[in-house]
Amino acid sequence: MCLAVPMRVDSVTGYVARCSAKGVERDVNLFLIQDEPVAIGDHVLVHVGYAIQKVTAEDAGTTWALLDEVFAGAPGALGAE
Amino acid sequence: MSDPGSAPAGAGAASAARQWLMRIRRLPLSRPVRIMNVCGGHERSIAQGGLRSLMPDGVELIPGPGCPVCVCPEEDVYAAIRIALDHDVTLVTFGDMLRVPANVAKGEIRTLEAAKAAGADVRPIASPLEAVAIADADPARTVVFFAVGFETTMAPVAAMMRERLPDNLLLLLSGRRTWPAVAMLLASGRPGFDALVAPGHVSTVMGPLEWAFVVRDHAMPCAVAGFSADSLLAAIYSTLRQIAENRPVLDNCYAGAVRNEGNPTAQRHLAAAMSIVDAPWRGIGVIPCSGYKLRPEYAAHDARPVFAEEVEAGRRRVGEMPPGCACAEVVLGRIYPTGCPLYGTACLPRQPVGPCMVSDEGACRIWWSAGARRDRERDRRLEPACK
């Protein structure tokens, strides 16, 4: 339940950002990162509808790759050894 | 904080993981080491990535208290079921909570899911914002948000409270903090582990320094990890190297999301909405300073006094667990999931006896999904030193 997913910010209106990740779009609440500037193209870690931290695009990419594996139930990141 | 080594630049995730694994295998370890994690997300990556089987002999990875659903006390689950059944309200909660069983007499309604089937208005939600939307849709109707979670989830709940809390939205708050459970294990004198992999997203919110006590007070190695195999292996390597060199430090192997100060805005909202109290953990008992309580300013939104009868009925059930259920032992890392006599026999994901087989964050559910079946040799290894 503590897992957060990185998403890209596509637009910002007040405390709500329209975000996307791998073709999925969501409204994300920015209240918990209200003291930081959030711009289009930024990446945020999203947990239960709220952004809990800004992350770099590189870190976002790494996490997406991981989530693909976890939710596909694919064999481990290291393959068979 | 130190960085005992970094992954080779430009390497893909899998080859970075391989590099960490090689470094781990080259470490001179003179005694068996048990490394505990306290996050369901970590355990899922470990189990599904098969990391456990890749460890050198003598290195054990132990799932600990990493599932907020699993530690939500029986009495709160029971109170939520009774509130939903006995009052004309809408009860909303994170999806995992619907199937957590209370220990009631045969024939009685034992889950929120069963209460829903019996006609109660129980709705799973994925965000506190859905609770607000449901309350807004019918302002004349009371909506009770049974809010369960660790710090990562309680921060959004606090944000919801601070931004706009509809008059008809009440909270049955059952939030918990992770570090006091680890502190309790360490203070017990038989923690059952030699190093700690600290949770990634809890640390994103609260900052890694919450875990400094592990190193400072107990001279135990500790590293914050992310959720990829290479981040977890980096943290495992870090703690093992600290043991090999007898030089415990607090390491941060998830620097991309975990800043030294955490998220101060989230911490400010949490502190403004909730205070810290001693709180019961399912099957474990009261852990000092481990729970969240609504601040007096939000008393009008506290479901506990409004539904005092149901809360009291729940309180009479304190400490009850289904017969044979070893969830508390699993949560504390005293046994592996496969060491529970009910694992895979009476207790399965489709008919769970205890919460660890219900929740996606529960060690039993994670192990079952990853294909783990009973293993006498492995299950015996963990038990003797911990019992």
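In this report, we go over the structure that sits alongside the text. (Residues numbered from 1 in each chain as written. Chains lettered and ligands numbered in written order. Predicted model: local features only at pLDDT ≥ 70, side-chain atom pairs only at ≥ 80, totals over all residues. Heavy atoms only, no water.)

### A look at the overall build of chain A
Working step 1: Counting secondary structure elements, chain A contains one helix and five strands.
Working step 2: Starting at the N terminus and walking to the C terminus, you meet the elements of chain A as β-β-β-β-β-α.
Working step 3: Of the contacts formed within chain A by residues at least 6 apart in sequence, a portion of 36% connects residues at least 24 apart.
Working step 4: For chain A, the computed accessible surface area is about 3700 Å², with 56% contributed by carbon and sulfur atoms. (Helix = DSSP H or I, 4+ residues; strand = E, 2+ residues; numbered from the N terminus. Contact = heavy atoms within 4.5 Å. Areas by Shrake-Rupley, 256 points an atom, 1.4 Å probe, with all protein chains shown as cover.)

### Some thoughts on the packing of aromatic side chains
Residues and elements named next belong to chain B.
Working step 1: Counted according to the given criterion, the structure contains nine aromatic pairs over all chains.
Working step 2: Arranged with centres 5.9 Å apart and planes meeting at 80 degrees, the rings of F227 and Y254 form a pair that is edge-to-face. Here Y254 lies in the loop between β9 (250-253) and α13 (264-273) and F227 lies in the loop between β8 (222-225) and α12 (229-245), a separation of 27 residues in the sequence. Of the two residues, F227 and Y254, both sit in the buried class.
Working step 3: Here a set of aromatic residues connected by ring pairs shows up, and it is made of W179, W211 and F213.
Working step 4: Geometry around W368 places R373 over its ring, the cationic atom sitting 3.5 Å from the centre. (Phe/Tyr/Trp six-rings, centres within 6.5 Å; stacked < 30°, edge-to-face > 60°. Buried < 20%, exposed > 50% of the residue type's maximum accessible area, 1.4 Å probe, protein only. Lys NZ or Arg CZ within 6 Å of the ring centre and 35° of its normal.)

### As for the interface of chain A and chain B
Working step 1: In this complex, chain A contributes 32 residues to the contact, which on the side of chain B involves 48 residues.
Working step 2: The contact between chain A and chain B buries some 3300 Å² in all, and 62% of this surface belongs to carbon and sulfur atoms.
Working step 3: Where chain A touches chain B, the interface holds two salt bridges.
Working step 4: When the shortest N-O distance is used, the salt bridge between D35 of chain A and R268 of chain B registers 2.7 Å.
Working step 5: For the pair chain A and chain B, the number of links is 11 residue pairs in polar contact (both at pLDDT 80 or more).
Working step 6: Secondary structure elements with two or more residues in the side of chain A that touches chain B: β4 (43-47), β5 (50-55) and α1 (57-72) of chain A.
Working step 7: Here the residues of the side of chain A that touches chain B are counted per class, giving 19 nonpolar, seven polar and six charged. (Buried area = accessible area lost by both parts, 1.4 Å probe. Salt bridge = Lys/Arg side-chain N within 4 Å of Asp/Glu carboxyl O. Polar contact = N/O pair within 3.5 Å; in protein donor to acceptor, adjacent residues only side chain to side chain. Nonpolar A, V, L, I, M, F, W, Y, C, P; charged D, E, K, R; others polar.)

### Notes on the pairing of strand β1 (residues 33-37) of chain B
Residue and element names in this part refer to chain B.
Working step 1: For β1, the buried fraction is high: five of the five residues fall into the buried class.
Working step 2: Both faces of β1 are covered, namely the face carrying V33, I35 and N37 and the face carrying R34 and M36.
Working step 3: The sheet contact formed by β1 and strand β2 (residues 59-63) spans five bridges and is parallel. Across the sheet, the residue bridging to N37 is P63, located in β2. (Pairing = 2+ DSSP bridges.)

### Some words on the side chain of S275 of chain B
Working step 1: Mapped onto the secondary structure, S275 of chain B falls in strand β10 (residues 274-281).
Working step 2: Look past the residues within four positions of S275 of chain B in its chain and what remains in contact with it is G291, Y292, K293, L294 and R295 of chain B.

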